[in-house]
Amino acid sequence: MSLRRMHDMAQDHGTRPWWQAVRGALRGTKHDYTTGPIGRSIFLLAIPMVLEMIMESLFALSDVFFVARLGASAVATVGLTESMMIVVYTIAMGLAIAGTAVVARRVGERDADGAARAAVQMITLGVIASVVIGIVGAVAAPALLRAMGATDDVLTTGTMFTRVLLGGSGTAFLLFVINAAFRGAGDAAVSMRVLWLANAINIVLGPMLIFGVGPFPQLGVTGAAIATTIGRGTGVCYALWRLTRGSGHLRVTRAHLVFELDTMRSMLRLSVNATFQVLVGSLSWMVLIRLMASFGSAAMAGYTIAVRMIMFAMLPAWGLGNAAATMVGQALGARNPDRANAAVWTAARYNVVFLGLMGAIFMIFARPIVAGFTSDPAVTEVAVYGLRTMAAGFPFFAFGMVLTQAFNGAGDTRTPTNINIAVFWAFELPLAWVLTTQTVMGSHAVFVSVLAAYTLLAAVSAVMFRRGAWRTQRV
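Residues numbered from 1 in each chain as written. Predicted model: local features only at pLDDT ≥ 70, side-chain atom pairs only at ≥ 80, totals over all residues. Heavy atoms only, no water.

K.L.:
Explain the overall build of the protein residue by residue, including any values.
P.N.:
Scanning the protein for helices and strands turns up 18 helices and zero strands. Each principal axis of the C-alpha atoms in the protein carries an extent, and together these give about 60 × 45 × 40 Å. Every one of the 475 residues in the protein was classed for burial, and the buried ones make up 60%. Within the protein, counting contacts between residues at least 6 apart in sequence, those at least 24 apart form 81% of the total. Total accessible area computed for the protein in this model is approximately 18000 Å², and 67% of it derives from carbon and sulfur atoms. Once the 35 positive and 20 negative side-chain charges of the protein are each reduced to a mean point, those two points are 5 Å apart. (Helix = DSSP H or I, 4+ residues; strand = E, 2+ residues; numbered from the N terminus. Buried < 20%, exposed > 50% of the residue type's maximum accessible area, 1.4 Å probe, protein only. Contact = heavy atoms within 4.5 Å. Areas by Shrake-Rupley, 256 points an atom, 1.4 Å probe, with all protein chains shown as cover. Lys, Arg positive; Asp, Glu negative; His and termini not counted. Charge placed at Lys NZ, Arg CZ, Asp CG, Glu CD.)

Printed below as a string of structure tokens:
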């Protein structure tokens, strides 16, 4: 994106240069996203959302960077456990999607008290779910690793890592939910600070606990899980403090601490579809991981490195998708669906450019990038091929991502669920199974199926969005 284009987007009645708008976006400028230039509104939302996701990307990369020094078994442990954490993320994201839609709609309707009460209901549901998931995950960690195809060396190395990460998964759950409330309200700068704090603590503390730096004990791969849980827990505490102090568009006071069963039921109804929507994609990744695990620890380690790099690029791109969702929800609350439509197509164009450039960088520099994580030739071969193949599909994924997030922002969680079922379950998984079992492609087949799915996602999402049923969705 050129500086001139950024300047045009950031203009405020022709007086504010773009760098002042960037500063305002990072500081948390209170802005009415239902009026004024669409480009400027997306700019103000997207800057902190993208930076928030960049920090999440750095967190994912730093974890695998340090753990990779412990060997292929440790990396495989992280990959298998993260595949199980996907279930936690899935449920949290389902509730977060529902909460974002409701909070954004109330803010668009100028109902600040309704937005605050909605935030309380989603956090209450999040606490209940996170407690149950944490207990089950900590107790069943060894059995879950075995079910995912972990070898004996991975079980020996990683059981405690998995217990800690799954047992403390409630911190990740609540981070998703509380930050979703901030984003739905338009307070993206607050959710950015929350995640930066949580992940900065993890990035600093992680290597100290993994390798035993200074007074810290040497805990190996388990140290990475402990650092992650401490960082996320700190982030949750800070987020709750900001929520009660007031974040700009959203503030929870004692008067809002009530149970609204109708609101909870509405959120649960939306979140069931949203959770299943994300679960479809998440379970498809888990099946792909299971297929990859059948090719051994080296293939699994290469896959883990490639996917972490892919997530490094994709998570910032989710920032633009989240910006589109907030714009849609608030515009529909203000009864202006045409503004919502224009915002989605604008965000989609920006995302295609951004993720397309990232994909080109990955395809050109795949081998030196992978060399920063491993020197094992077998692991390198898998990681380089996977990185190049999946990166080729970035523009398609970027386009489909924004459109599916727009449905969610409108409160239409059913349509993207159906899209995901068609793309990932009815197409991607059968294709991956056929290519891995009926051809000589080996582990490469998994990456080819991902590329094909990205392409189909873009086409199907565009057709469904143009039909326009999301315009009349009520939440």
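What follows picks up the thread again.
K.L.:
With reference to specific residues and values, describe unusual backbone geometry.
P.N.:
Positive phi, normally seen in glycine, also occurs at Arg110, with a value near 65°. Relative to the assigned elements, Arg110 resides in the loop between helix H4 (72-108) and helix H5 (112-139).

K.L.:
Now, about a nonpolar patch on the surface: what can you tell me, with residues and values included?
P.N.:
Taken together, the side chains of Val127, Val131, Ile135 and Val139 present a nonpolar region at the surface, about 360 Å² in accessible area. Residue class for Val139 comes out exposed when judged on its relative accessible area of 62%. (Patch = residues over 30% accessible without salt bridge, like charges linked within 9 Å, V, L, I, M, F, W, Y side chains within 5 Å. Salt bridge = Lys/Arg side-chain N within 4 Å of Asp/Glu carboxyl O.)

K.L.:
Could you give an account of the environment of Arg232, naming the residues involved and the relevant values?
P.N.:
When you line up the elements, Arg232 lands in helix H10 (residues 221-245). C-alpha separation for the pair Arg232 and Ser169, spaced 63 residues apart in sequence, amounts to 9.1 Å. With residues up to four places along the chain from it excluded, the contact list for Arg232 reads Phe59, Met85, Tyr89, Leu165, Thr171, Ala172, Leu175 and Ala198.

K.L.:
Tell me about the pattern of salt bridges, and name the residues and values.
P.N.:
Inspection of every chain in the model, using the stated rule, returns six salt bridges. With a closest N to O distance of 2.4 Å, Glu260 and Arg117 form a salt bridge. Note that Glu260 is positioned in the loop between H10 and helix H11 (261-293) and Arg117 in helix H5, a separation of 143 residues in sequence. Using a relative accessible area of 25% as the deciding quantity, one classes Arg117 as partly exposed.

K.L.:
Give a description of the packing of aromatic side chains that names residues and reports values.
P.N.:
The full count for this structure, using the stated rule, is 14 aromatic pairs. Here the aromatic rings of Trp318 and Phe397 are separated by 6.4 Å at their centres, their planes lie at 75°, and the arrangement is edge-to-face. Pair noted here: Trp318 is in helix H12 (residues 297-333) and Phe397 is in helix H16 (residues 394-409), with a separation of 79 residues, a long-range link. Residue classification places Trp318 among the partly exposed positions, given a relative accessible area of 24%. The class of Phe397 is buried, set by a relative accessible area of 9%. Their ring planes at 55° and their centres at 6.4 Å tell us that Tyr385 and Phe447 sit as a pair that is tilted. Taken together, the residues span a long stretch of sequence, with Tyr385 in helix H15 (residues 377-391) and Phe447 in helix H18 (residues 444-467) at a distance of 62 residues. For Phe447, a relative accessible area of 0% gives the class buried. (Phe/Tyr/Trp six-rings, centres within 6.5 Å; stacked < 30°, edge-to-face > 60°.)

K.L.:
Which residues make up the packing of H4 against H12, and what are the values?
P.N.:
In the contact formed by H4 and H12, the axes pass within 11 Å of each other and the chain directions differ by 5°. Here H12 runs roughly parallel to H4, going by the angle between their axes. For the pair H4 and H12, contact is made by Ala72, Val75, Ala76, Val78, Gly79, Glu82, Ala104, Arg105, Val107 and Gly108 and by Met300, Ala301, Thr304, Arg308, Thr326, Gly329, Gln330, Leu332 and Gly333, respectively. In terms of residue class, the contact of H4 with H12 is built from nine nonpolar, seven polar and three charged. (Axes fitted to C-alpha atoms, helices over the stretch in contact; angles between N-to-C directions. Parallel < 35°, antiparallel > 145°, perpendicular 65-115°, else oblique. Nonpolar A, V, L, I, M, F, W, Y, C, P; charged D, E, K, R; others polar.)

K.L.:
Can you break down helix H9 (residues 188-211) residue by residue, with the values?
P.N.:
The first and last C-alpha atoms of H9 sit 35 Å apart over 24 residues, in line with the 34 Å expected at 1.5 Å per residue. Of all bends in H9, the biggest is about 30°, found at Leu205, and the proline Pro207 comes one to four residues later. A positive backbone phi angle near 75° is found at Gly212, which sits one or two residues after H9. (Expected span 1.5 Å × (residues − 1). Bend = angle between axes of the 7 residues up to and from the residue.)

K.L.:
Account for the confidence of the model for the protein, naming residues and giving values.
P.N.:
Of the residues in the protein, 94% have a pLDDT of 70 or more, and the chain-wide mean is 86. Segment residues 1-15 is flagged for pLDDT under 50; beyond a separation of four residues in sequence, or across chains, it makes 22 contacts in the model. (pLDDT = per-residue confidence, 0-100.)

K.L.:
Account for H4, with residues named and values stated.
P.N.:
Between its terminal C-alpha atoms H4 stretches 50 Å, which fits the 54 Å expected from 37 residues at 1.5 Å a residue. Met84 marks where H4 bends most, by close to 25°. Buried residues dominate H4, accounting for 33 of its 37 residues. One or two steps after H4, the chain reaches Arg110, where phi turns positive at roughly 65°.

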